[in-house]
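# Coordinate inspection notes
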Amino acid sequence: MSKKKIRLGVFGFGCVGQGLYHVLEQTKGLEAEIVKICIKNPSKERELPSSYFTTQKEELLNDDKIDVIVELIDDPEAAYHIVKEALQKGKGVVTANKKMVAENFKELIFLQNQYNVPLLYEGSCCASIPIIRNLEEYYDNDLLNGMDGIFNGSTNYILSKIFQENKAFESALKEAQENGFAETDPTLDIEGFDPKYKLCIILAHAFGVFVKPEQIANFGIHKISPHDILFAQEKGLKIKLVSKCRKIGDKVFGFVAPQFVDKDHYLFNVENEFNSVAVEGAFSEHQLFVGKGAGSYPTGSAVLSDISALTYNYRYEYKKHNQNTSLQFSNEISFEVYVSWSNGTKINLDDFEEISEKFSGAKINYLIGRIKLETLRKTEWVRSKDTSLILTPGSKVNFVEEKEDIYDKDFV
Ligand SMILES: NC(=O)c1ccc[n+]([C@@H]2O[C@H](COP(=O)([O-])OP(=O)(O)OC[C@H]3O[C@@H](n4cnc5c(N)ncnc54)[C@H](OP(=O)(O)O)[C@@H]3O)[C@@H](O)[C@H]2O)c1
């Protein structure tokens, strides 16, 4: 395959933009050159000469010498307009913006086809773990049953600091932000939106199913209380923010929620900004990817890998979708959860299919029970700031109609 030299117009010179610049500097074999960088604040001090920078996006988008736009800004709305215009102008695009991709997925694929240009976004999902390219290429012919793991580096960092160093939630979040792991708006991380956007992208490449972010349930770590942490520690458990998706028959489910994990669970020792993705194929069986899921260089290296792929004219073929499967996304599942709430908050116990344990104390109450995801999506009490929801360690997910356990005990 012929290799071509690429001239880049880069949007954003923050955590990931600077990481890309440095990894590009140290990668001698890649025929790529940064022509111009568009930023927002012209008076910020930069490590490169001012001639590199502009605040005028058209300077990049209208430059015929620039053939690839690398979009690395922290504003998904502005990013969408930049990426759309770049594709319309016939430029290939690399982005790390999962919210922007997840919210505009079908239109972005339409634009790629209409203008015959590639859009690559490996850095948007689990940073340094090359999961999208693997789903597209390696798992092309393998029947995937399911995937799950930790898809967000900053929440894993926060949970690690809480469990390993007894740090308070707020100071652990501040540290994650100082290290460049958190999104500019950290609610995207701690409320589970960021891993949900990644799940949207992964569902498309794993199963060929396009799901809007609002169709997917996300429960975050922001309401986990000191009592929940004590509950876990007393039982030798940790809490991880886990994303799951799985196919049964012609249905696929996916959601994001915190889960208690015990010391035998494969996520127990995945700490700090590391992510982990477990893939279960029909024939390949279980495989585990682990790598840094946030940070300047890990994300920069994923972006670099996409740029490198463009020198070989690589583009996603959306193979699973084009295989024309009849898979449908469904939230008709139930699972076992631990729910805790403070005195004064009301939980509707009738919402649970069964309750196996219940405790009421002076300060805290909790129960362990099985509940339908659709019930949780409709109920008000789960949205209360004093209610915390965590999947139990071996929580089995059932499709409501099928009434069958669908997880191998040793998998999740
Ligand atoms: N950080 C991570 O670990 C990580 C991991 C995976 C994916 N990502 C994704 O990568 C992207 C960038 O994240 P980041 O952490 O690098 O953000 P960041 O450190 O906050 O940097 C954002 C950059 O975007 C620039 N910018 C903002 N709005 C702009 C606009 N309208 N036009 C031009 N430039 C604009 C800013 O300009 P100024 O410098 O002038 O302020 C800044 O250079 C996001 O989509 C994020 O979700 C980040």
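Below, the structure is looked at part by part.

## Thoughts on the site of the ligand
Inspection of the region around the ligand gives 25 residues, with V16, N41, K44, R46 and G295 positioned closest. Within the side chain of K98, one N or O atom sits 3.3 Å away from an oxygen atom of the ligand. A distance of 3.0 Å separates a nitrogen atom of the ligand from a polar backbone atom of G180. Protein chains bury 87% of the 910 Å² of accessible surface belonging to the ligand in isolation. Residue composition of the shell around the ligand, grouped by class: ten nonpolar, nine polar and six charged.

## Things to note about the pattern of salt bridges
Counted according to the given criterion, the structure contains 26 salt bridges. Close ionic contact of K57 with E85 constitutes a salt bridge, the shortest N to O distance being 3.7 Å. In this pair, K57 sits in helix α2 (residues 57-61) while E85 sits in helix α3 (residues 76-88), placing the two residues 28 residues apart along the sequence. The exposure class assigned to K57 is partly exposed, which follows from its relative accessible area of 31%. Note that E165 and K167 form a salt bridge whose closest N and O atoms lie 3.2 Å from each other. Salt bridges linked by common partners bring K98, E183, D194 and K198 together as one network.

## So, unusual backbone geometry
Positive phi, normally seen in glycine, also occurs at C126, with a value near 60°. With respect to the element layout, C126 can be found in the loop between β6 (119-120) and α6 (131-137). Not every positive phi belongs to a glycine, and A127 is a case in point at roughly 45°. When you line up the elements, A127 lands in the loop between β6 and α6. Its relative accessible area of 2% is what places A127 among the buried residues.

How each quantity is defined
- Residues numbered from 1 in each chain as written.
- Predicted model: local features only at pLDDT ≥ 70, side-chain atom pairs only at ≥ 80, totals over all residues.
- Heavy atoms only, no water.
- Near = heavy atom within 4 Å.
- Polar contact = N/O pair within 3.5 Å; in protein donor to acceptor, adjacent residues only side chain to side chain.
- Areas by Shrake-Rupley, 256 points an atom, 1.4 Å probe, with all protein chains shown as cover.
- Nonpolar A, V, L, I, M, F, W, Y, C, P; charged D, E, K, R; others polar.
- Salt bridge = Lys/Arg side-chain N within 4 Å of Asp/Glu carboxyl O.
- Helix = DSSP H or I, 4+ residues; strand = E, 2+ residues; numbered from the N terminus.
- Buried < 20%, exposed > 50% of the residue type's maximum accessible area, 1.4 Å probe, protein only.

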